[in-house]
There are 4 protein chains.
Amino acid sequence: MTFPSNSDSVSGEQLRAFIERIERMQEERAAISDDIKEIYAEAKGNGFDTKVMRIIVKERGMDRAERLETESLLDIYRAALGMSGPIDDE
Amino acid sequence: MTFPSNSDSVSGEQLRAFIERIERMQEERAAISDDIKEIYAEAKGNGFDTKVMRIIVKERGMDRAERLETESLLDIYRAALGMSGPIDDE
Amino acid sequence: MTFPSNSDSVSGEQLRAFIERIERMQEERAAISDDIKEIYAEAKGNGFDTKVMRIIVKERGMDRAERLETESLLDIYRAALGMSGPIDDE
Amino acid sequence: MTFPSNSDSVSGEQLRAFIERIERMQEERAAISDDIKEIYAEAKGNGFDTKVMRIIVKERGMDRAERLETESLLDIYRAALGMSGPIDDE
DNA sequence: CACTGGAAAATGCCGC
DNA sequence: GCGGCATTTTCCAGTG
């Protein structure tokens, strides 16, 4: 067994090809993640608050439906807990 | 450039630029994730068991990571013992 | 060496005691984390949206100063990006 | 307020109960974290190097985790190969 | 006291 | 559709 021309080795080659393609893509993806971190770092270096920036990015990434859904549920939950208004200045 | 004359928008352009760069990279990253999914799907279509494939990918990744991990643990120990540098003629 | 009554073994005992106390506390802490997860699961089982619940918990956990600070920065950033109003129905 | 008979508040009480349980547990957890800090401080006061102590704690934790980790990795393999149960007389 | 790194939490994904 | 797993993100403690 393990002869070059039998069916096992053929699938083996194919499998290896798939695995390596995946690994390559994963590396690329990780590199991009690093880039994103760098951009945030750069923004921070320019005086921006990255925490707030992340919220903004998330907001923009949500589509309208999602956003409304979450907002209205939040309102309902807040109301149920009596957290409705800004008037809780003890 | 970036006419600062309006105090509100002092860093608005810059902020926008950062945000858009981030969004662009996130899109790229998402695209790659999709590619990875496609590869798995393709492999599945060729009769491979994706579950096993994922294990293999993970294992190879850990093997590679483990080497570095060991190194860095050594570094921690050295640091804790004040042996940071190769020359310990303090 | 390693005689019971020399200074080394005394510190050794003391060190062991410290370490074990720490480990005990860490376990307790982990157990509580698990409990929290369970509560969320239970809430989910009762039809609540845990994602929204987590936002609520976070909001309540923030003190007023923090909350106002974050909110006002968000407004500033949104304004800088022209995300001010709900009137972006393209 | 928060009268049971108001349909809006149907689950308000329940929600409040969940939230408060969570907040309570979070406080307990934070208290334990403080305790851990205190123990380190105490050890430091007794002449121990907390940096080294942390390494030891981490190491012991990893050793323990590693046993379980290996077990669970085995489980994954078994599952992937359809060997889930101890009796494979299918 | 800001930064970095590592732990913990949250989100999304896959398989059942 | 749900539960569990993997990844990603967030947070926090330690460090310089």
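Residues numbered from 1 in each chain as written. Chains lettered and ligands numbered in written order. Predicted model: local features only at pLDDT ≥ 70, side-chain atom pairs only at ≥ 80, totals over all residues. Heavy atoms only, no water.

Peer 1: Let's hear about the overall build of chain A: which residues, and what values?
Peer 2: Scanning chain A for helices and strands turns up 3 helices and 0 strands. Sequence-ordered secondary structure for chain A, helices as α and strands as β, is α-α-α. Evaluated residue by residue, chain A yields a buried proportion of 28% over its 90 residues. In the form shown here, chain A has an accessible surface area of approximately 6100 Å², with 54% of it arising from carbon and sulfur atoms. (Helix = DSSP H or I, 4+ residues; strand = E, 2+ residues; numbered from the N terminus. Buried < 20%, exposed > 50% of the residue type's maximum accessible area, 1.4 Å probe, protein only. Areas by Shrake-Rupley, 256 points an atom, 1.4 Å probe, with all protein chains shown as cover.)

Peer 1: Quick rundown of a negative patch on the surface? Include the residues and the values.
Peer 2: Together, Glu59, Asp63, Glu66 and Glu69 of chain B together with Glu59, Asp63, Glu66 and Glu69 of chain D make up a region of like negative charge exposed at the surface. Counting residues per element, the ones that place at least two in the negative patch are helix H2 (50-80) of chain B together with helix H2 (50-80) of chain D. Looking at where Glu66 of chain B falls in the secondary structure, it is placed in helix H2. (Patch = residues over 30% accessible without salt bridge, like charges linked within 9 Å, V, L, I, M, F, W, Y side chains within 5 Å. Salt bridge = Lys/Arg side-chain N within 4 Å of Asp/Glu carboxyl O. Lys, Arg positive; Asp, Glu negative; His and termini not counted. Charge placed at Lys NZ, Arg CZ, Asp CG, Glu CD.)

Peer 1: Which residues make up the protein's contact with DNA strand F, and what values do they have?
Peer 2: The environment of DNA strand F is made up of Arg29 and Arg54 of chain A, Arg29 and Lys58 of chain B, Lys58 of chain C together with Lys37, Lys51 and Arg54 of chain D. If you look at DNA strand F and keep only atoms within 4 Å of the protein, 100% of those are sugar or phosphate atoms. The separation between a phosphate oxygen of DNA strand F and a polar side-chain atom of Arg54 of chain A is 3.0 Å. Within the contact set of DNA strand F, a phosphate oxygen lies 2.9 Å away from a side-chain nitrogen or oxygen of Lys58 of chain C. For the surface near DNA strand F, the class distribution of residues is no nonpolar, no polar and 8 charged. (Near = heavy atom within 4 Å. Polar contact = N/O pair within 3.5 Å; in protein donor to acceptor, adjacent residues only side chain to side chain. Nonpolar A, V, L, I, M, F, W, Y, C, P; charged D, E, K, R; others polar.)

Peer 1: Explain a positive patch on the surface to me, and be specific about the residues and the numbers.
Peer 2: The grouping of Lys51 and Lys58 of chain A together with Lys51 and Lys58 of chain C at the surface amounts to a positive patch. Elements that contribute at least two residues to the positive patch include exactly helix H2 (50-61) of chain A together with helix H2 (50-61) of chain C. In this structure, Lys58 of chain A sits in helix H2.

Peer 1: Explain the protein's contact with DNA strand E to me, and be specific about the residues and the numbers.
Peer 2: Every residue close to DNA strand E is listed here: Lys44 of chain A, Lys37, Thr50 and Arg54 of chain B, Ser33, Lys51 and Arg54 of chain C together with Arg29 and Lys58 of chain D. If you look at DNA strand E and keep only atoms within 4 Å of the protein, 100% of those are sugar or phosphate atoms. Contact between DNA strand E and Lys44 of chain A: a phosphate oxygen at 3.5 Å from a side-chain N or O atom of the residue. The side chain of Lys58 of chain D places a nitrogen or oxygen atom 3.4 Å from a phosphate oxygen of DNA strand E. Within the residue set of the surface near DNA strand E, elements represented by two or more residues are H2 of chain B together with H2 of chain C.

Peer 1: Give a detailed account of the interface of chain B and chain A, specifying residues and quantitative values.
Peer 2: Each partner contributes to the interface: chain B provides 28 residues, whereas chain A provides 28 residues. Interface area for chain B against chain A, summed over the two sides, is near 2900 Å², with a carbon-plus-sulfur share of 72%. Here Glu42 of chain B makes a salt bridge to Arg21 of chain A, at a shortest N to O gap of 3.4 Å. Taken together, chain B and chain A are joined by 8 residue pairs in polar contact (both at pLDDT 80 or more). Going through the elements one at a time, helix H1 (12-45) and H2 of chain B are the ones with two or more residues in the side of chain B that touches chain A. Sorting elements by how many residues they give to the side of chain B that touches chain A places H1 of chain B first, with 20 residues. By residue class, the composition of the side of chain B that touches chain A is 14 nonpolar, 5 polar and 9 charged. (Contact = heavy atoms within 4.5 Å. Buried area = accessible area lost by both parts, 1.4 Å probe.)

Peer 1: I'd love a proper account of the interface of chain D and chain B, names of residues and values included.
Peer 2: With 9 residues of chain D in contact, the opposing surface of chain B contributes 8 residues. Carbon and sulfur atoms make up 71% of the surface buried where chain D meets chain B, a total of about 890 Å² over both sides. It is Ile55, Tyr77 and Ala80 of chain D that lose the most area in chain D upon contact with chain B, and together they represent 48% of the buried surface on that side. Put simply, chain D and chain B have 0 salt bridges between them. Taken together, the connections running from chain D to chain B amount to 2 residue pairs in polar contact (both at pLDDT 80 or more). In the side of chain D that touches chain B, the residues fall into 6 nonpolar, no polar and 3 charged.

Peer 1: Any chance you could break down the relation of the copies chain D and chain B for me, citing the residues and the numbers?
Peer 2: The second copy of the chain is related to the first by a rotation about an axis and a shift along the axis. When chain D is fitted to chain B, the best match, at an RMSD of 0.4 Å, comes from turning it 179° and sliding it 0.0 Å along the axis. Those values place the two copies in the arrangement expected of a two-fold rotation axis. Of every C-alpha in chain D, the one belonging to Glu66 of chain D sits nearest the axis of rotation, 6.5 Å from it. A shared binding surface is used by both copies, with 89% of the interface residues of chain D retained as interface residues in chain B. (Least-squares fit on C-alpha atoms with pLDDT ≥ 70 in both.)

Peer 1: So what about the packing of helix H1 (residues 12-45) of chain D against H2 of chain D? Which residues, and what values?
Peer 2: All names here are of chain D. Orientation of H1 relative to H2, taken along the N-to-C sense of each, is 130°, at an axis distance of 10 Å. Classified by the angle between their axes, H1 and H2 sit oblique to one another. Crossing handedness for the pair H1 and H2: right-handed. Residues Tyr40, Ala43 and Lys44 of H1 lie in contact with H2, whose contacting residues are Thr50, Met53, Arg54 and Val57. Looking at the contact of H1 with H2 residue by residue, the classes come out as 4 nonpolar, 1 polar and 2 charged. (Axes fitted to C-alpha atoms, helices over the stretch in contact; angles between N-to-C directions. Parallel < 35°, antiparallel > 145°, perpendicular 65-115°, else oblique. Left-handed = near helix turned anticlockwise from the far one by under 90°.)

Peer 1: Help me get a handle on the side chain of Arg78 of chain C, residues and values and all.
Peer 2: Mapping Arg78 of chain C onto the fold places it in helix H3 (residues 64-80). Here Arg78 of chain C is in contact with Ile56 and Glu59 of chain A together with Met83 and Ser84 of chain C, once residues within four sequence places are set aside.

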